[in-house]
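# Fold and geometry: a report
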Amino acid sequence: MADLSINIAGICSPNPFWLASAPPTDKEYNVRRALEAGWGGVVWKTLGEDPPVVNVSSRYGATRYNGQRMAGLNNIELITDRPLAVNLAEIKAVKKDYPDRAIIVSIMVPCVEESWKRILPLVEETGADGIELNFGCPHGMSERNMGSAVGQVPEYVEMVTRWCKQYTRMPVIVKLTPNITNILNPARAALRGGADAVSLINTIQSVVGVDLDAMAPMPVVGGLGTHGGYCGPAVKPIALRMLGEIARTPDTSVLPISGIGGISNWRDAAEFLVMGATSLQVCTAAMHYGFRIVEDMIDGLSHWMDEKGFETIADVTGRAIPNFVNWNQLNLKFKTLAAIDQDSCIKCGLCHIACEDTSHQAISKSLLNNERHYEVIEEECVGCNLCAHVCPVDDCITMVPQPFDGVQTWTEHPNNPMRKLPAEAG
């Protein structure tokens, strides 16, 4: 059986699945239930200074897509609204009873050295395994010059990280905001400040929808709405790209990564791992289906690793990074052609419509034995694979690689006015 235990920045847990800092980790009752269900660790919902913040009602909006509820979740909840002392006492009690689990504490206080110097010893006294600096919250706290207001300014990221490394012995994980043009800038700042790891992505600024009766963004609070933080399955592609950018860039690749953003099942988990993550943080899926989803995640990931011959999480982490390149490094001589399995084709015509109207007119339509019949016109097919994506039948349309000779990237292509000639390339 695969060994799912991890060590990220000196923080150990029996499996890589952690609950992210969010409502599921806001109190001892929830956290104990999660750890009993099998989660490898939790990131306690963000602590702040007293007096605690005040949250609103309602707090969530959701995107539904193609019958799936909560394909994306928007929240306008702030950090914990419970007193600091209560949270600290509960963290201490949980860590005492679950010494083998990772208990990380998320923190957000004003961008003032004295505030960080004051709270860090209090958190360290709980016995927590590490801290996560919340530089990502895009609503409510950012208006108070915290959260993403810090995460969007690399100089502040470096400064606060340096304070934390000075005033605590606990490993410091810096949580990065996706609400930025280039994720490498805050990642490099965290590294300069001495961060032991980074976690990403935090939620994305969004308006999830508009109530057309109240004429206000959702969720509606007393007739008004505001922007919030978007998470869930819909943000996974953005998370994977940003995570991969850090993992593949030489100077930031030394940073261990805790991956966050739409992880809902073991396959998502495996994708985050091969793109550079060591630990995996989950929120929306747990809120949707409950804590016991971790059982399926653990079983699925373990079986997949066994099938692939991976013995440890370290064997998996970053496996896809050598193949994650810039567009100009792709081989322009490589080509695929669509192929339709006539036995599984249900004659719906979606492939023809998509190709005829919006692509390359490479799928013909005819009648054969009084039935609609679709064929690929190979000389017109460019291998874009739109037809395979719109087809409702799995593996009915496949993309078949064609023979090719050698490699030619855009850097060498004759159409590129900045191309490198063979002598220059050598």
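Residues numbered from 1 in each chain as written. Predicted model: local features only at pLDDT ≥ 70, side-chain atom pairs only at ≥ 80, totals over all residues. Heavy atoms only, no water.

As recorded in an unreviewed UniProt entry, the chain goes by the name dihydrouracil dehydrogenase (NAD(+)), listed as coming from Gluconobacter wancherniae NBRC 103581. The record held by UniProt for the chain lists under Subunit (unreviewed entry) the comment "Heterotetramer of 2 PreA and 2 PreT subunits." Under the UniProt heading Sequence similarities (unreviewed entry), the entry covering the chain gives this text: "Belongs to the dihydropyrimidine dehydrogenase family." (UniProt positions renumbered as here; feature names shortened; annotations may be inferred.)

For the chain, the helix and strand inventory stands at 14 helices and 20 strands. Relative to the globule expectation of 22 Å for 426 residues, the C-alpha radius of gyration of the chain, 25 Å, shows essentially globular dimensions. In terms of principal-axis extent, the alpha carbons of the chain reach across some 75 × 60 × 45 Å. In the chain, which comprises 426 residues, the proportion classed as buried is 50%. By sequence separation, contacts in the chain at least 24 residues apart represent 71% of the contacts at least 6 residues apart. Carbon and sulfur atoms make up 52% of the accessible area of the chain, which amounts to about 20300 Å² in all. Charged side chains of the chain number 35 positive and 48 negative; the gap between the two group centres comes to 5 Å. (Helix = DSSP H or I, 4+ residues; strand = E, 2+ residues; numbered from the N terminus. Rg over C-alpha atoms; globule rule 2.2 N^0.38 Å. Buried < 20%, exposed > 50% of the residue type's maximum accessible area, 1.4 Å probe, protein only. Contact = heavy atoms within 4.5 Å. Areas by Shrake-Rupley, 256 points an atom, 1.4 Å probe, with all protein chains shown as cover. Lys, Arg positive; Asp, Glu negative; His and termini not counted. Charge placed at Lys NZ, Arg CZ, Asp CG, Glu CD.)

Below, the discussion takes up the pairing of strand S8 (residues 130-134). Judged by how many residues are buried, S8 sits mostly within the fold: 5 of 5 residues are covered. The side-chain alternation of S8 yields two buried faces, one formed by Gly130, Glu132 and Asn134 and the other by Ile131 and Leu133. For the handedness criterion, the β-α-β arrangement of strand S7 (residues 102-107), helix H3 (residues 113-124) and S8 is classed as right-handed. Pairing of S8 with strand S9 (residues 172-175), which is carried by 4 bridges, proceeds in the parallel orientation. Bridging from a neighbouring strand, Leu133 pairs with Val174 of S9. (Right-handed = clockwise from strand over helix to strand, strands pointing away. Pairing = 2+ DSSP bridges.)

Glancing now at helix H6 (residues 184-192). Note that an α-helix has 3.6 residues per turn; residues three or four places apart therefore point the same way. Among the residues making up H6, those that are buried are Leu184, Pro186, Ala187, Ala189 and Ala190. Close packing links the buried residues of H6 with helix H4 (148-151), helix H5 (154-167), S9, strand S10 (197-200) and helix H7 (236-248). Two residues or fewer past H6, Gly194 is found with a positive phi of approximately 100°.

The next thing to look at is a nonpolar patch on the surface. On the surface, Val207, Val210, Leu212 and Met215 cluster together to form a nonpolar patch covering roughly 430 Å² of accessible area. By relative accessible area, which is 63% here, Leu212 ends up exposed. (Patch = residues over 30% accessible without salt bridge, like charges linked within 9 Å, V, L, I, M, F, W, Y side chains within 5 Å. Salt bridge = Lys/Arg side-chain N within 4 Å of Asp/Glu carboxyl O.)

On inspection of all chains with the given rule, the structure shows 20 salt bridges. Asp251 is paired through a salt bridge with Arg188; the nearest N and O atoms lie 2.6 Å apart. Placement of Asp251 in the loop between H7 and strand S15 (257-260) and of Arg188 in helix H6 is noted, with a sequence separation of 63 residues between them. A relative accessible area of 27% means that Arg188 is categorised as partly exposed.

Turning to the nonpolar core, a few remarks are in order. Judged by nonpolar contacts, the single largest core of 91 residues is most densely connected at Trp39, Trp116 and Val174. With residues up to four places along the chain from it excluded, the contact list for Val174 reads Leu133, Phe135, Val157, Thr161, Ala190, Ala195, Ala197, Val198 and Ser199. Grouped together as the second largest cluster of nonpolar side chains are 15 residues, Ile363, Tyr374, Val376 and Cys396 included. (Core = buried A, V, L, I, M, F, W, Y, C linked by side-chain atoms within 4.5 Å.)

To continue, consider unusual backbone geometry. Here the bond from Ser57 into Ser58 is cis, since omega is 0°, no more than 30 degrees from zero. With respect to the helices and strands, the residue Ser58 is situated in the loop between strand S4 (41-47) and strand S5 (60-65). The amide bond that connects Leu200 to the next residue, Ile201, takes the cis arrangement and shows omega of 10°. Phi is positive for Ala9, close to 55°, though the residue is something other than glycine. Even without a glycine there, the phi angle at Met215 is positive, about 55°. Mapped onto the secondary structure, Met215 falls in the loop between strand S12 (210-211) and strand S13 (216-217). Taking relative accessible area as the criterion, Met215 reaches 64% and is therefore assigned exposed.

For the rest of this paragraph, the subject is the sheet that holds S15. The strand order S3-S4-S7-S8-S9-S10-S15-S16 describes a closed barrel built from 8 strands, whose pairing is parallel. Direction aside, the axes of adjacent strands within the sheet are offset by 25° on average. In the packing of helix H2 (residues 84-97) onto the sheet, the strands contacted are S4 and S7, and the crossing angle to S4 comes to about 170°. (Axes fitted to C-alpha atoms, helices over the stretch in contact; angles between N-to-C directions.)

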